[in-house]
Every structure is written in C-alpha cells, then in structure tokens.
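What follows is the residue order along each chain.
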Amino acid sequence: MSSATVAKPPAKQPAQGRRRISLPILLLVIAGVLALTSVVRLITDADGITSTGQMSTALRLAVPIGLAGLGGLWAERAGVVNIGLEGMLILGTWFGAFAGYQWGPWVGILFGILGGAIGGLLHAIVTVTFNVNHIVSGVAINILALGATRYLSTFAFEGKEGGTSKQSPPVESLGSFSVPGLSDWLQDLNEKHWFLVSDLAGLLGGLFTDLSPLTVIAVAMVPLSWWVLWRTSFGLRLRSCGENPVAAESLGVNVYKYKYLAVIISGGLAGLGGAFLSLVASNIYLEGQTGGRGYIGLAAMIFGNWMPGGLALGAGLFGYTDSLKLRGGGTNVHALLLLLAILLVIGAIYLVWRKRYIPAVITGAVSALMFAWYGLTDEVPNQVVTATPYVVTLLVLSLSAQRLRMPKADGQPYRRGQGK
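These numbers were taken from a predicted model, which means no experiment stands behind them. (Residues numbered from 1 in each chain as written. Predicted model: local features only at pLDDT ≥ 70, side-chain atom pairs only at ≥ 80, totals over all residues. Heavy atoms only, no water.)

**Some details on the overall build of the protein chain**
Where we set the bar: Segments assigned H or I by DSSP are reported as helices when at least four residues long, segments assigned E as strands when at least two residues long, and all are numbered from the N terminus. Atoms counted for the radius of gyration: C-alpha only. Globule rule: 2.2 Å times the number of residues to the power 0.38. Think of it in three bands: residues with accessible area under 20% of the maximum for their type are buried, residues over 50% are exposed, and the middle band is partly exposed, with areas taken using a 1.4 Å probe on protein chains only. Any pair of residues with heavy atoms lying within 4.5 Å of one another is described as a contacting pair. Method for areas: the Shrake-Rupley scheme with a 1.4 Å probe, in which residue coverage is limited to the protein chains shown. Within this scheme the basic residues Lys and Arg register as positive and the acidic residues Asp and Glu register as negative, but His and the chain ends are omitted. Charge coordinates come from a single atom per side chain, which is NZ of Lys, CZ of Arg, CG of Asp or CD of Glu.
Within the protein chain, the secondary structure is distributed over 16 helices and 0 strands. Computed over the C-alpha atoms, the radius of gyration of the protein chain is 24 Å, within 12% of the 22 Å expected from 2.2 N^0.38 for a compact globule of 420 residues. Referenced to the eigenvectors of the C-alpha coordinate spread, the extents of the protein chain come out at roughly 85 × 60 × 40 Å. Counting over 420 residues, the protein chain shows a buried share of 47%. Within the protein chain, counting contacts between residues at least 6 apart in sequence, those at least 24 apart form 79% of the total. When the accessible surface of the protein chain is split by element, carbon and sulfur atoms take 68% of a total near 20800 Å². Here the protein chain carries 29 positive and 19 negative side-chain charges, and the mean point of each set is 20 Å from the other.

Structure follows, in structure tokens:
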C-alpha cells in the first residue's frame, strides 16, 4: 500500500475588496471626516456647512430618499429589483395629497402608503407571477404612474380653489416640534463656532429641531426594518428568497408569498416617502416634485450595500448635498470643494499604500484640479449647485462599487419547483 499522502488544496483566500468595514472603523472614519469638515469651516468661514438649520434641512430632504431606498432594500432582499420606486413615490405624493385635502394629513399618510403599495402590487404581479424582466416592469410603472396621476389630477384638483391639473389645493400641515431645552442648547453651542464641538452640536441639533411627526416615523423605519429582516424568522425567510429561492422552497418557504409581501412593503415605504413630499415638504401635490428621488434612493441603497444603516448614511449624504441648493449654496459648495480636494489627497495616499499607482495618479490629478478651482474662484455657479446631488450620486456609486455584495438571486427569474 502506498504511503504517499495527498496534498490538501490550499485554503481559499477571501476575495480582495470584499472585507466588510467594522463598526469601530466606520465610526472612526465618520469622526475623521467631521473633524476635517470642521477644519475646512474654520479656514473658509463657511459656518453654514454645519449649522443647525443646514442639518435640519438636510434631514427633511433625506427622508423621502431614505424611504425610497428602504423600499428598494425590502424588495431586493427578496430577490426583486425595484426600479419602479420613482413611480411609487409619485403615487404616494398624489394619493397623499388627494386624501389629505379631503380628510386631513394623517389620512393622507395612510392613502400615500396605499398608493405606493398598489404600485408595488402591480410590480409583484408582473415580475413574480408573469416573470417579466424586473427593469422593464419598473420603468413601465414609472411611466404609468406619471401618466395616471396627470390624468387623475384633471378630475380631482382642477376647478378646486388653489388646484389645477398639475397641482392640488393646499393640505393642512402636520405641524412641527423641537425637543424643549435640548434643541435650544445645541443651537446656542453651534453658534459659538468652536472647533468640532460646534459642528457636532449642529449635526445633533438638526435631529432635534423643527421636526415633523412623520420625520420621526420615517427615521424609526430604519432600525425597525433592520430588526424585522435580521432578527425575526419572517425576515430570515424573506432574505433566503433573495439569496437562494430554490433552497428556500426545499425547506418549505412559500417563495411567491414572501416576494409579494416584500415588494408590496417596498411600494408602501416608497409611498410613505411620496406622502412626506406632498404633506410635509411642501403641503401640496405638484407634478414632478419627486425630482428623481426614487433613483437617488436606489443609489443610497447600493451605497449602503443593501443594509439599513449604510442606506441611512447614504440618504443623509444625498439629503445634505440637496440642501445646499436651499441654504447659501454657492458659498457652501465652494467651501466643500476644499474638503473634497483634501479627501482626494488622502485617497491618493491610500492608493499608493495599496500599490495601486495608476488610480493614485488619477486621484491626485483630480485633487489638484479641485484645489485650483477653489483657489481661483470665490463662489461656484448656481448650475453647479443644482447638479451637486446628482454628481455626488455618481461619484459615490463609482467609488463604492468594489465593496458591494448584492443578494445572490437579486433580479433572477424564479419558477416554483424549478430545482426539481
């Protein structure tokens, strides 16, 4: 008998770029960016970039983006790509304003959720039952929602006081509140313009100042979604449908049911975001008011690597860049050019350390252009300010693309019994 031993295959090494950032490292990075932002604020005297008002506005603008992204997360965790989030947002704005005008804002919220859920149900029927391509179905829903709301507006709003075929009459406000004592204290601390302390006070102050009740509900949806999807048996079954539906079916999971539930919940969350736009952000339905937030919500979901916490960070980032248009946009964006240039220098150094020299050279060159732009101008044009949220969306997606891990069966067709 041969005594030769069979060599064991080498252990499989984890793929580069797939390591997840731990929570302490993530918090350290956030703290570093905040400290760097404080340095830039002191250099440029652009105190508005971390003011309480700026952060409060950013939170209000981040809510519909975050709810749309959270809706996308629910659907894609079950294996259904939901490009139709923009259409579901539109349905939420229209149904929310229609019911809010008739019966009050809280009823409008319920109808906004219902409107988005109807769009989700339609998407589920088309993709899950009839196996239509998910992208095609989502685009069709976006087009259908825009046309349907335009048609319905002529009957529901035209001829009413303050209403036209493109907008609803004003809706009663939900009201707003600030946390007594804490809000004023943080705002006073922010106005002292101390290094880092005032910036942190501005960030926290935005979370406790001029809040709508619906904002609180929307923020609560993030930890609630995490708990349901990652800490309950319902969430485990739902996520298994997005990872391996054939294996889930073999264990007795009704894959169709969970996909339907996920996409309907997805539409309901997007509809809630739409209701926020028409009941809180503007107190009126206006055609085109979603402004592509459904697509930006998808970008926030991808940036967050299909996780609620990362999605919330992405929505906050996009909401902040969107808020620059409303509060001292040209001056604040000009100051942020310096911040971006410094971050790119740090990125170039990191790439050199990783021995990725060509990307490092490109990053360094872009950083030099940012420094030159900042040094040669005093304020950026309004067109640049308006485009900032969309430019940031593209930059974030391109820079985070190497660390993404989508559900394995996301967007793949499934038929009951296909594994037999």
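This is not the end of the story, as more comes after the structure.
**Section: unusual backbone geometry**
Phi is positive for Asn283, which is not a glycine, with a value near 60°. Looking at the element boundaries, Asn283 is found in the loop between α11 (255–281) and α12 (293–303).

**Here we look at the packing of aromatic side chains**
Stated formally: Pairing of aromatic side chains requires ring centres within 6.5 Å, counting the rings of Phe and Tyr and the six-membered ring of Trp. Pairs whose planes differ by under 30 degrees are stacked, by over 60 edge-to-face, and all others tilted.
Inspection of the entire model under this criterion finds 10 aromatic pairs. Taking the centre distance of 5.2 Å and the plane angle of 10° together, the rings of Trp94 and Phe98 count as stacked. Of this pair, Trp94 and Phe98 are both found in helix α3 (residues 85–103), 4 residues apart, which corresponds to roughly one turn of the helix. The structure contains a cluster of three or more aromatic residues connected by ring pairs, namely Trp94, Phe95, Phe98, Trp103, Phe111, Phe157 and Tyr285.

**A closer look at the pattern of salt bridges**
Where charged atoms of side chains with opposite charge meet at close range, the side chains can pair. In plain terms, the rule: Think of a salt bridge as a Lys or Arg side-chain nitrogen and an Asp or Glu carboxyl oxygen that are within 4 Å of each other.
Considering all chains together, one arrives at 6 salt bridges under this definition. Among the ionic pairs, Arg150 bridges to Glu287, the shortest N-O distance being 2.8 Å. Of this pair, Arg150 sits in helix α5 (residues 134–156) while Glu287 is found in the loop between α11 and α12, placing the two residues 137 residues apart along the sequence. Linking Arg293 and Asp322 is a salt bridge whose minimum nitrogen-to-oxygen distance equals 3.5 Å.

**Brief notes about the confidence of the model for the protein chain**
Operational definition: The predictor reports its confidence for every residue as pLDDT, a score running from 0 up to 100.
Per-residue confidence for the protein chain gives a mean pLDDT of 88, with 91% of residues at or over 70. Per-element confidence in the protein chain is highest for helix α4 (residues 105–129), whose mean pLDDT is 97, and lowest for helix α16 (residues 382–400), whose mean pLDDT is 74. This model gives residues 1–18 a pLDDT under 50, and the stretch forms 5 contacts once residues within four places in sequence are excluded.

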